[in-house]
Amino acid sequence: MILHSLDRKIINHLQGGFPLTENPWDHLSRQLDIPVDEIICRIGRMTSEGVLSRFGPIYNAEKMGGGLTLAATRVEPDRYEEVTEIINAFDEVAHNYARDHELNMWFVIATETPEGIQQVIDRIEAQTGLKVFNMPKQEEYFLELKFEV
Amino acid sequence: MTAIQLAMTETYEIDAIDRQIIAATQRGLPLSNQPYHDVAKQLNLDVKDVLLRMQNMQDKGIIRRIGVIPNHYKLGYKSNGMSVWNIPEEKISELGQLVGSLDFVSHCYQRPRFLPEWPYNLFAMVHGKTHDEVIAKVDVIASLLGNNNRGHEILFSTKILKKTGLRIG
């Protein structure tokens with residue numbers, strides 16, 4: 001995909017720091033030297049085209065007292081579809097990816113309370129008969145978002 | 001202070017109004033001239049209250065950041081590899097920060113090992129336009145880690161089975 005230079009400028013400058021003020025665009029418009037209407041219009045278009053998945057705040061679920069983990073399991077090829085269906089049926093499973101490894105199914109579990117994680121894992125293990133590896137993050141090495149286009 | 005007490009002080013207690021603001025904005029802000037005014041109007045709140053609460057949530061880390069969220073895939077970064085590394089425990093903090101600071105690594109976490117099946121304790125998500133580009137970038141990480149890397153693998157995603165995004169109450 002070929003991006004217009006102004007789209008690129010918006011993406012590179014606005015992956016954070018959108019002002020929390022009554023007129024947030026004014027400051028940005030001066031900073032980027034693009035009129036307010038044009039910034040809004042370009043973000044709207046990039047969102048509808050799917051270049052941007054969203055515009056707004058990114059929330060950190062764990063800081064709100066919820067539980068979050070990455071879990072993995074090893075599924076025999078002939079049971080893959082069945083197990084996918086069981087695991088995806090859990091509302092608490094937000095993402096699920098097939099990966100090319102002996103541990104071939106990786107999913108993110110998000111629950112309202114930290115204790116909820118183990119309960120969901122117990123239920124998945126009971127329903128699938130498989131061992132689930134619970135790999136919560138112990139430390140995060142962050143990284144301001146720095147995705148340059 | 002015990003670990004539990006510490007964890008509790010780090011968790012800011014959001015109230016019902018904060019939850020309303022989260023529910024109204026987690027799919028995005030309105031693309032209008034005054035987006036926070038529109039959120040306030042929708043929730044029957046004063047805009048100053050919305051701004052104050054969101055500022056408070058940002059200061060506490062409940063809001064990580066506010067801005068545009070690019071779609072890697074649409075921008076041509078069609079390959080993502082989860083690189084996993086076996087790093088000595090005493091080195092992981094220093095080396096985790098090093099790997100996390102690389103511009104092609106989007107997430108970098110320490111996670112528990114499960115011996116003997118799973119010896120890896122450092123996870124770094126690497127994005128590239130092709131598999132080969134991801135492999136080349138993982139090689140860069142390997143050379144940076146040198147002897148502290150006791151083994152690594154790249155797990156490419158072969159299929160998205162579910163993707164709903166995190167939703168809060």
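None of the values given here were measured: they were computed from a predicted structure.

**Some details on the interface of chain B and chain A**
Item 1. Taken together, the contacts link 82 residues of chain B with 74 residues of chain A.
Item 2. Each partner contributes to the roughly 7,100 Å² buried at the junction of chain B and chain A, and carbon and sulfur atoms together form 61% of this total.
Item 3. At the junction of chain B with chain A, the criterion picks out three salt bridges.
Item 4. Between Lys131 of chain A and Glu117 of chain B there is a salt bridge, and its shortest N-O distance comes to 3.6 Å.
Item 5. Linking chain B with chain A are 38 residue pairs in polar contact (both at pLDDT 80 or more).
Item 6. Considering only residue class, the side of chain B that touches chain A consists of 40 nonpolar, 27 polar and 15 charged.

**Quick notes on the sheet that holds strand β5 (residues 132-134) of chain A**
Item 1. Judged by pairing direction, the sheet is antiparallel, and its nine strands sit side by side in the order β5(A)-β2(A)-β4(A)-β3(A)-β5(B)-β2(B)-β4(B)-β3(B)-β6(A) without closing on themselves. Edge strands, defined here as strands with exactly one partner in the open sheet, are β5 and β6 (139-140) of chain A.
Item 2. Summarising the sheet, strand β3 (residues 93-99) of chain A and strand β5 (residues 152-163) of chain B pair through five bridges and their orientation is antiparallel. When the sheet's bridge partners are listed, Arg99 of chain A is paired in β5 of chain B with Ser157 of chain B.
Item 3. Sitting on the sheet, helix α5 (residues 116-128) of chain A touches β2 (67-73), β3, β4 (105-111) and β5 of chain A, and the angle it makes with β4 of chain A is about 135°.
Item 4. Along the sheet face, helix α5 (residues 92-100) of chain B touches β3 (105-110) and β4 (122-128) of chain B and points at about 170° away from the line of β3 of chain B.

**Regarding the domain arrangement of chain A**
Item 1. Entries for chain A in the domain assignment read domain 1 (5-49) and domain 2 (61-134).
Item 2. Distance from the C-alpha centre of domain 1 of chain A to the C-alpha centre of domain 2 of chain A: 37 Å.

**Here we look at the side chain of Ser83 of chain B**
All names here are of chain B.
Item 1. Within the secondary structure, Ser83 is located in strand β2 (residues 79-85).
Item 2. Owing to a relative accessible area of 0%, Ser83 belongs among the buried residues under this scheme.
Item 3. There is a polar contact of 2.9 Å between the side chain of Ser83 and the side chain of Trp85.
Item 4. What Ser83 contacts, discounting residues up to four positions off in sequence, is Leu122, Phe123, Ala124, Val126, Val138, Ile141, Glu153 and Ile154.

**Brief notes about the packing of aromatic side chains**
Item 1. With the rule as written, the count across this model stands at nine aromatic pairs over all chains.
Item 2. Summarising the aromatic geometry, the rings of Trp106 of chain A and Trp118 of chain B are spaced 5.3 Å apart at their centres and angled 55° between planes, so their arrangement reads as tilted. Of the two residues, Trp106 of chain A is situated in strand β4 and Trp118 of chain B in the loop between β3 and β4; the pairing between them involves two chains.
Item 3. According to the relative accessible area criterion, Trp106 of chain A is buried, its value standing at 2%.
Item 4. Here the aromatic residues Phe18, Trp25 and Phe55 of chain A together with Tyr36 of chain B are joined through ring pairs into a cluster of three or more.
Item 5. Over the ring of Tyr97 of chain A we find Arg99 of chain A, and its NZ or CZ is 5.3 Å from the ring centre.

Analysis parameters
- Each chain carries its own residue numbering, running from 1 in the written order of its sequence.
- Written order decides the labels, with chains lettered from A and ligands numbered from 1.
- Reporting in this predicted model follows two pLDDT cut-offs: at least 70 for local features of residues, and 80 or more for side-chain atom pairs to be given and counted; totals over whole chains, interfaces and linings ignore these cut-offs and use all residues.
- Note that water and hydrogens are dropped before the side-chain values are worked out from all heavy atoms of the structure.
- Note on definitions: a residue-residue contact is assigned when non-hydrogen atoms from the two residues lie within 4.5 Å.
- By definition, the buried area sums, over both parts, the 1.4 Å-probe accessible area that each loses when the two are put together.
- One side-chain nitrogen of Lys or Arg within 4 Å of one carboxyl oxygen of Asp or Glu is enough to make a salt bridge.
- A 3.5 Å cut-off defines polar contacts: any pair of N or O atoms within that distance qualifies, except that in protein one atom must be a possible hydrogen donor and the other a possible acceptor, and neighbouring residues in sequence count only when both atoms are side-chain atoms.
- Ten residues, namely Ala, Val, Leu, Ile, Met, Phe, Trp, Tyr, Cys and Pro, are considered nonpolar, four, namely Asp, Glu, Lys and Arg, are considered charged, and the remaining ones, Gly among them, are considered polar.
- Paired strands, as defined in this entry, are two strands with at least two bridges between them according to DSSP.
- Helix and strand assignments follow DSSP, with helices taken as H or I runs no shorter than four residues and strands as E runs no shorter than two, numbered in order from the N terminus.
- Every axis in this analysis is a line fitted to C-alpha atoms, fitted for helices over the stretch in contact. Angles between the N-to-C directions lie between 0 and 180 degrees.
- Marked domain ranges trace back to an automatic or database domain assignment.
- Only protein chains enter the accessibility calculation, which uses a 1.4 Å probe; a residue whose area is less than 20% of its type maximum is buried, one above 50% is exposed, and one in between is partly exposed.
- Only rings of Phe, Tyr and Trp enter the pairing, Trp through its six-membered ring, and a pair is recorded when the two centres are within 6.5 Å. The plane angle decides the type: under 30 degrees is stacked, over 60 is edge-to-face, the rest tilted.
- Either the NZ atom of lysine or the CZ atom of arginine qualifies as a charge over a ring when it sits within 6 Å of the ring centre and within 35 degrees of the ring normal.

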